[in-house]
Amino acid sequence: MSSSQNPLRDPRDRRLPRVPEPCALVVFGVTGDLARKKLIPAVYDLANRGLLPPGFVLLGFARRDWGDGDFEQIAKEAAKKGARTEFREEVWQRLAEATKFLPGSFDDDAAFDTLHQTLLDLDASHGTGGNAAFYLSIPPNAFPTVLKQMERTGMADNHATQSWRRVVVEKPFGHDLTSAIELNKLVDDVFSAKDVFRIDHYLGKETVQNLMALRFANELFEPIWNSHHIDSVQITMAEDVGIGTRAGFYEGTGAARDVLQNHLLQLLALTAMDEPVNFDADSLRTEKRKVLGAIKLPKELASYAVRGQYDQGWLAGERVKGFLAEQDIPAGSTTETYAAVRLDVDTRRWAGVPFYLRTGKRLPRRVTEIGIIFKKAPFLPFSKSDTEELGSNQLVVRVQPDEGVTLRFGSKVPGTTMEVRDVSMDFSYGEAFTENSPEAYERLLLDVLLGDASLFPQNEEVEESWRVVDPIEELWRQQDGEAAGLALYRAGEWGPKAADEMLARDGRTWRRP
Ligand code: BG6
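Everything numeric in this text was worked out from a predicted model, so none of it was measured. (Residues numbered from 1 in each chain as written. Predicted model: local features only at pLDDT ≥ 70, side-chain atom pairs only at ≥ 80, totals over all residues. Heavy atoms only, no water.)

**Student:** I would appreciate a short explanation of the nonpolar core in the present structure.
**Tutor:** One broad trend across soluble globular proteins is that nonpolar side chains are buried collectively. Core analysis: the biggest nonpolar cluster contains 153 residues, and F28, F134, M150, L268 and L357 have the highest contact counts within it. The leading source of residues in this core is helix α9 (residues 254-272), at 11 residues. Shared between two domains, this core holds at least three residues of each, these being domain 1 (23-170) and domain 2 (203-504). In contact with F28, not counting residues within four places along its chain, are F61, F106, F112, L115, F134, Y135, L136, S137, I138, V146 and M150. (Core = buried A, V, L, I, M, F, W, Y, C linked by side-chain atoms within 4.5 Å. Buried < 20%, exposed > 50% of the residue type's maximum accessible area, 1.4 Å probe, protein only. Helix = DSSP H or I, 4+ residues; strand = E, 2+ residues; numbered from the N terminus. Domains from an automatic or database assignment. Contact = heavy atoms within 4.5 Å.)

What follows is the structure, encoded as structure tokens:
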């Protein structure tokens, strides 16, 4: 009897591991960075945890002229290097037997015909049940070609069978609202909406999901989660790395499209949304979408949308190049590597509470956090000097790397005086739990194979997010013409001064994470 038939088991009970049905996972662009660093290790980790079904097949498709043996070797190295769980030869061997590589370019009809035939053969030889998930780990400009090939060959079509076909699309989903709508239309022509999984890997992070547990499983926070008690929210996603060898993708994309449009706005949505009636995909996405649709940009956008580009500097004792000196970046590029904006959420809950979002590369360290800054107490029955060191109460969700939650509040300094100073109370994942968290891609890949779309933003969310980002991009494009607006910041510093000035204008300062 399957769990869904067991009358004693609540179908929403997710404590027991769920194993997907037999299926093929086809990765387009399998020789790329993402596949090697994240996807292959994630597949290995799932295999190692016993979460892949018998009848699972991994099919890599890319331009390179590799045979199965070469691919296996490279995939093995990738798994060894990137896996979260221990590397075990026997697990790898089993996976390797179910791994196949097909070379071909995206406009090569014959290669796609072979791929289609291979999927049919694998069903016969490995019992994949005709189920397939197609992962588009490829540059966005190649999406249309690949989608059309899938449509042409009929490999995306499951109408005549009981099997499922799903597509996973990596961000950025379009480069503005118009292109996102076009792309959505294209994807919808080939796959039905419920079979499209748009990946925002931040939603796969354990700490991001914990935001929902924190807010909706406790009595403590929800009553004060509103403009009566909250002064402002600061969401920071800082990285110490530069763009490395990703110029091809990053140049012309920039921090706002790369991170703000997706990761930061999703974090905002989860922070600001109302309680969903339950955690199924529709209910969750509906609440997030309401928030994204209620976001208002400031009237004086030029004062509240700051962009910067890293200059050379020092990081962790090492001298690092400026953005313009990075490999393949054209002279005079105005691509931003830092973006900070103020957004407002026009709802009763959030009226008057600014949300400050910032992201940047080559900042002092890698840290992502959501800082909820509370209002000051309306009256303090202490002398002014006693509370000189008292700041605002803060609740900080530490998304990474030191996963946990910090609560900052005032406490009496021991001694005969009534001096009050800020202290921190910490919850740390590492100390509270013995098991370590799955990687975001591990969790999300499993969800794709299980057909659980809760942690994948839907079409409308993507479009609402572009509605927020497009005017900012447009403003910056105009500023380019006037040679204004792009501020340099030294690598190893917390972004351009203009970002500090933006908060100072509102009488606030950035948290130092
Ligand atoms: C990706 C961005 O989505 O997220 C990269 O394209 C960024 O530019 C990366 O480096 C950061 O991910 P994480 O999980 O390391 O915070």
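Moving on from the coordinates now.
**Student:** Where do I start with a nonpolar patch on the surface in this structure?
**Tutor:** A surface patch of nonpolar side chains, about 240 Å² in accessible area, is lined by L380, F382 and M418. Residue placement: L380 occurs in the loop between β14 (367-374) and β15 (394-400). By relative accessible area, L380 is classed as partly exposed at 37%. (Patch = residues over 30% accessible without salt bridge, like charges linked within 9 Å, V, L, I, M, F, W, Y side chains within 5 Å. Areas by Shrake-Rupley, 256 points an atom, 1.4 Å probe, with all protein chains shown as cover. Salt bridge = Lys/Arg side-chain N within 4 Å of Asp/Glu carboxyl O.)

**Student:** Could you clarify how one ought to interpret unusual backbone geometry in this entry?
**Tutor:** Keep in mind that most residues, glycine aside, have a negative phi and that most peptide bonds are trans. Cis geometry marks the peptide bond from K171 to P172; its omega dihedral reads 0°. Topologically, P172 is positioned in the loop between β5 (165-170) and α6 (177-190). Between Q400 and the following residue, P401, the backbone shows a cis peptide bond with an omega angle of 0°. Relative to the helices and strands, P401 resides in the loop between β15 and β16 (404-412). Here D328, not a glycine, exhibits a phi torsion of approximately 70°, which is positive. Along the chain, the position of D328 falls in the loop between β11 (318-320) and β12 (338-345). Residue classification places D328 among the exposed residues on the basis of a relative accessible area of 62%.

**Student:** Would you mind showing me how to read the sheet that holds strand β3 (residues 99-103) here?
**Tutor:** Strand pairing within a sheet occurs via backbone hydrogen bonds; the two strands may be parallel or antiparallel. As summarised here, the arrangement of the six strands in space is β3-β2-β1-β4-β5-β6, forming an open sheet in which the pairing is parallel. Edge positions in the open sheet fall to β3 and β6 (196-199), since each of these has one partner strand only. Ignoring which end each strand starts from, the neighbouring axes of this sheet average 20° apart. As paired elements, strand β2 (residues 56-62) and β3 share five bridges and run parallel to each other. Bridge pairing links A62 to P103 in β3. Each of β1 (23-28), β2, β4 (132-136) and β5 touches helix α1 (residues 33-48); the most contacted strand, β1, lies at about 170° to it. Contacts between helix α2 (residues 68-82) and the sheet are confined to β2 and β3, with β3 contributing the most and set at about 120° to the helix. (Pairing = 2+ DSSP bridges. Axes fitted to C-alpha atoms, helices over the stretch in contact; angles between N-to-C directions.)

Keep in mind these numbers describe shape, not what the thing actually does.
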